[in-house]
Every structure is written in C-alpha cells, then in structure tokens.
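Remarks on the overall topology
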Amino acid sequence: MKPSIRGSLLLCAATLLGCSPRASEENAVRRGDVAFAQGDFEEALAEYRLAVRQGADDPATAARVAHTYAMMSRVDDAGAYYRDAAGRDPELADQAVSDLMRLAREAHAANDRFAMATAVETALELRPGIGVGDMTLSLARHYFTNGEYGRALPFYQIALAEATDSLPEIVFEVGQAHEEIGDCEHALVFFEQFRAMVRPWERGEVDWYIGTCAFNIARELRSRTLDPEELQRALELIDRTVEVGEPRDIQAQAWFEKGESLAELGECQAAMEAYAQVRYADGAGSLVDRAQSAFDEIRFGRGLEHLRDGRCR
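Residues numbered from 1 in each chain as written. Predicted model: local features only at pLDDT ≥ 70, side-chain atom pairs only at ≥ 80, totals over all residues. Heavy atoms only, no water.

**Regarding the state of the cysteines**
- Counting across every chain of the model gives two disulfides.
- Each disulfide pairs two cysteine sulfurs, and for cysteine 184 the partner residue is cysteine 213, the sulfurs being separated by 2.1 Å. Given an S-S torsion of about -70°, the disulfide between cysteine 184 and cysteine 213 has left-handed geometry. Of this pair, cysteine 184 sits in helix H11 (residues 184-197) while cysteine 213 sits in helix H12 (residues 204-224); the two residues are 29 residues apart in sequence, bridging distant segments of the chain.
- With its sulfur 2.1 Å from that of its partner, cysteine 268 forms a disulfide with cysteine 312. Taking the sign of the torsion about the S-S bond as the criterion, the disulfide between cysteine 268 and cysteine 312, at about -105°, is left-handed. Separated by 44 residues along the polypeptide, cysteine 268 in helix H15 (residues 268-281) and cysteine 312 in the segment after helix H16 (287-299) bring together distant segments of the chain.
- For cysteine 312, a relative accessible area of 0% puts it in the buried group. (Disulfide = S-S within 2.5 Å. Helix = DSSP H or I, 4+ residues; strand = E, 2+ residues; numbered from the N terminus. Buried < 20%, exposed > 50% of the residue type's maximum accessible area, 1.4 Å probe, protein only.)

**Let's talk about the packing of helix H4 (residues 59-71) against helix H6 (residues 93-109)**
- Across the interface, H4 lies against H6 with an axial gap of 10 Å and an inter-helix angle of 15°. Between H4 and H6, the angle falls in the class roughly parallel. Along this stretch, H4 crosses H6, giving a crossing that reads as left-handed. Where H4 abuts H6, its residues Ala63, His67, Ala70 and Met71 lie against Gln95, Asp99, Arg102 and Leu103. (Axes fitted to C-alpha atoms, helices over the stretch in contact; angles between N-to-C directions. Parallel < 35°, antiparallel > 145°, perpendicular 65-115°, else oblique. Left-handed = near helix turned anticlockwise from the far one by under 90°. Contact = heavy atoms within 4.5 Å.)

**As for the nonpolar core**
- Core analysis: the largest hydrophobic core is formed by 95 residues, its most contacted members being Met135, Leu139, Tyr275 and Val278.
- With nine residues, the top contributor of residues to this core is H12. (Core = buried A, V, L, I, M, F, W, Y, C linked by side-chain atoms within 4.5 Å.)

**Quick notes on the side chain of glutamate 260**
- Position of glutamate 260 relative to the elements: it lies in helix H14 (residues 251-264).
- Assessed through its relative accessible area of 14%, glutamate 260 is described here as buried.
- Polar contacts involving the side chain of glutamate 260 include one to the side chain of tyrosine 275, which spans 2.3 Å. (Polar contact = N/O pair within 3.5 Å; in protein donor to acceptor, adjacent residues only side chain to side chain.)

**A few points about the packing of aromatic side chains**
- Taken as a whole and assessed by the stated rule, the structure comprises 11 aromatic pairs.
- Taken together, a centroid distance of 5.7 Å and an interplanar angle of 55° make the contact between phenylalanine 172 and phenylalanine 191 tilted. Residue phenylalanine 172 is located in helix H10 (residues 168-180), and its partner phenylalanine 191 is located in helix H11; the two are separated by 19 residues in the primary sequence.
- Take phenylalanine 172: its relative accessible area is 11%, and that puts it in the buried class. (Phe/Tyr/Trp six-rings, centres within 6.5 Å; stacked < 30°, edge-to-face > 60°.)

**Re the side chain of threonine 212**
- Tracing the backbone through its elements, the reader meets threonine 212 in helix H12.
- The class of threonine 212 is buried, set by a relative accessible area of 15%.
- A polar side-chain atom of threonine 212 sits 2.8 Å from the main-chain carbonyl oxygen of tryptophan 208.
- Excluding residues that lie within four positions of it along the chain, threonine 212 makes contacts with Glu246 and Pro247.

**Quick word on the pattern of salt bridges**
- Tallied over the full model, the rule gives 23 salt bridges.
- Across the salt bridge formed by arginine 240 and glutamate 243, the nearest N and O atoms sit 3.1 Å from each other. Here glutamate 243 and arginine 240 lie together in helix H13 (residues 228-244), a separation of three residues that amounts to about one turn.
- The salt bridge partner of arginine 248 is glutamate 246, with a shortest N-O separation of 3.4 Å.
- On the basis of relative accessibility, which here comes to 67%, the residue arginine 248 falls in the exposed class.
- Each of Arg219, Arg222, Glu257 and Glu264 takes part in salt bridges that share partners, so that together they form one network. (Salt bridge = Lys/Arg side-chain N within 4 Å of Asp/Glu carboxyl O.)

**Focus on the environment of histidine 178**
- Relative to the helices and strands, histidine 178 resides in helix H10.
- Taking relative accessible area as the criterion, histidine 178 reaches 6% and is therefore assigned buried.
- The residues touching histidine 178, leaving out its near neighbours within four places in the chain, are Leu153, Asp183, His186, Ala187 and Phe190.

**Looking at the confidence of the model for the protein**
- Taken as a whole, the protein shows an average pLDDT of 88; of its residues, 89% reach a score of 70 or greater.
- The element-level mean pLDDT for the protein is lowest in helix H1 (residues 3-15), coming to 36, with H6 highest at 98.
- Segment residues 1-20 is flagged for pLDDT under 50; beyond a separation of four residues in sequence, or across chains, it makes 11 contacts in the model.
- Taken together, the stretch residues 303-308 has pLDDT below 50 and engages in eight contacts with residues farther than four places along the chain or on a different chain. (pLDDT = per-residue confidence, 0-100.)

**Here's the deal with helix H9 (residues 149-162)**
- Over its 14 residues, H9 runs 20 Å from end to end, which matches the ideal 20 Å to within 8%, given 1.5 Å per residue.
- Of all the positions in H9, only Tyr149, Ala152, Leu153, Phe155, Tyr156, Ala159 and Leu160 are classed as buried. (Expected span 1.5 Å × (residues − 1).)

So, in structure tokens, the structure goes:
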C-alpha cells in the first residue's frame, strides 16, 4: 500500500470524519480493483480480504477474492470462496465454473491430478453435469490410484463411451474398479473383454481375477438358492474358474463346488467325476476326504431317497 494511502487511512481513523464502515469497505474494494488491473494479485487479495474483515458481506466481494485466488492458481482457496459467493448469488456460478475449469486444465497440463480433481469437484458441485473434456481418463485414474473406486467408475464409463477404440488397460482398470467395490458381476464382463483383447501370455493376472470373481459369485448363488436356473448359473461360473485354472490355491475348492452343484442338479455321474478331480487339484488338502465321502455316497447309493427330488444326495 502506498505511503499516501496509509497516511489517509490513519487520518481517517483518527478523525472519524466521513469514514463510515461502508466507505472503508468500498475504498478497500476499489484499491483491490486497481491492484488487480495492474496485475498485482497479492495486493489485490490483501485489499479484498481487508474489505471482508471490515464487514463487506456481499457475494461480489467474495467472488473477487475467489477470482484473485484463481489467478494465483490457489485451487482450494478459490473453490472455498466461490462456493460461498455462488451459494449466496447463483448468477456467480458461471464465473466460478469458468475459473475452476481453467485451473483444472492447467493442472492437467502440469500432470497435477490432485489439483485438477479438486477444481473439477468444486465446479461439478456448482454446475452438476458439466463436461470435463480430455480430463476424463486422468480423473478416473486419479480416483482409482487413491482407492476411490466408486468415484472413478463414472469417469471411466465416460472415457470408454467416448473412446473410438478402447485400450485394453482401460478396460482392465474398469474391471478392477468394479471388483474393488464388490461388484464382481460387472467386473467379470470387463475382465472377459480384456482377456479377449490381449495375447494368451498376457492373461495371467486377468485369469486370476476371472477365477476369483466367478468362484465367489457361484458360492453366493449356491448359498442362497436351490433354484435350478440359479444353480446352473453357479455351475457355469465354477466351470469358468476351472477353465482358467486360477487362482491355483482354490482349484480343489472349485472342483468340490462343481461336484456339489452337479449333485444338486441331479447330474450324478458328472458330480462323481468332479469330486474325483479334487484329489488331483489338492492331494494333501482337507477337501479330499469330503470329496471322497460325497463320491462314495453317490456311487454306493447312500441317501438315494433324495433322488425323487432330482438330487443325487
């Protein structure tokens, strides 16, 4: 602040002549505007914030503070003041969104995903549904990397919809995001799509995900129903786990679950064959005895009274 201005302010404070609070606020805002026009954003910010401390509570002053923070690339501060300003005067939302999206694009160009996401989040609060352009995939990956899979998925979906040729790694990441939030049904769709896009020797990791998800869904189906259609779906999923051969440490369980599903569907011979495979998948495991017992029960007729309802045991 220039010495002459400081002197005037001190004189005004001392004499209290013609220096009402309202006049002081307006003077601070005017000085801020002059400093802003000269590109002195630090000085402009100091004056605008002085006006706020002196009692200026109009949203236009808050918007000035926000805009100055935006010019200084201070995303968090700009967002906070724009929320306040637009909350009290919705007409300021357009200016806020314009500034925030500019900050987001600058952050994207600088590979600063955190600042980019912060700016976009605030802009979307003020104008839900605005497009984010070529930042979509970067936003998805920002949230994915930070474990916010639910927030990542909408951006992944937009990126896939806008892509002319979906990249395998994007498809795989979408599958992982679904799996992380416990949505194995949708995850399987993307994992299978990824598997078809890559060469056989690149399928090791995705086969693990496919086998795990298929196995978990199948067990859940079997635990809650005896409906033949649901059991058939469970059997198809277990078959997929066996087909991909992953994860290796649950293959014995997969063969046992396959035997159980087949027995419940009344496919006794096929059930026996599945139980027999448990020993080869896990020769020393605890499931071997259970599988052998189930095999013997079908083979030697113990429990055949249940055949009348279509089951082997």
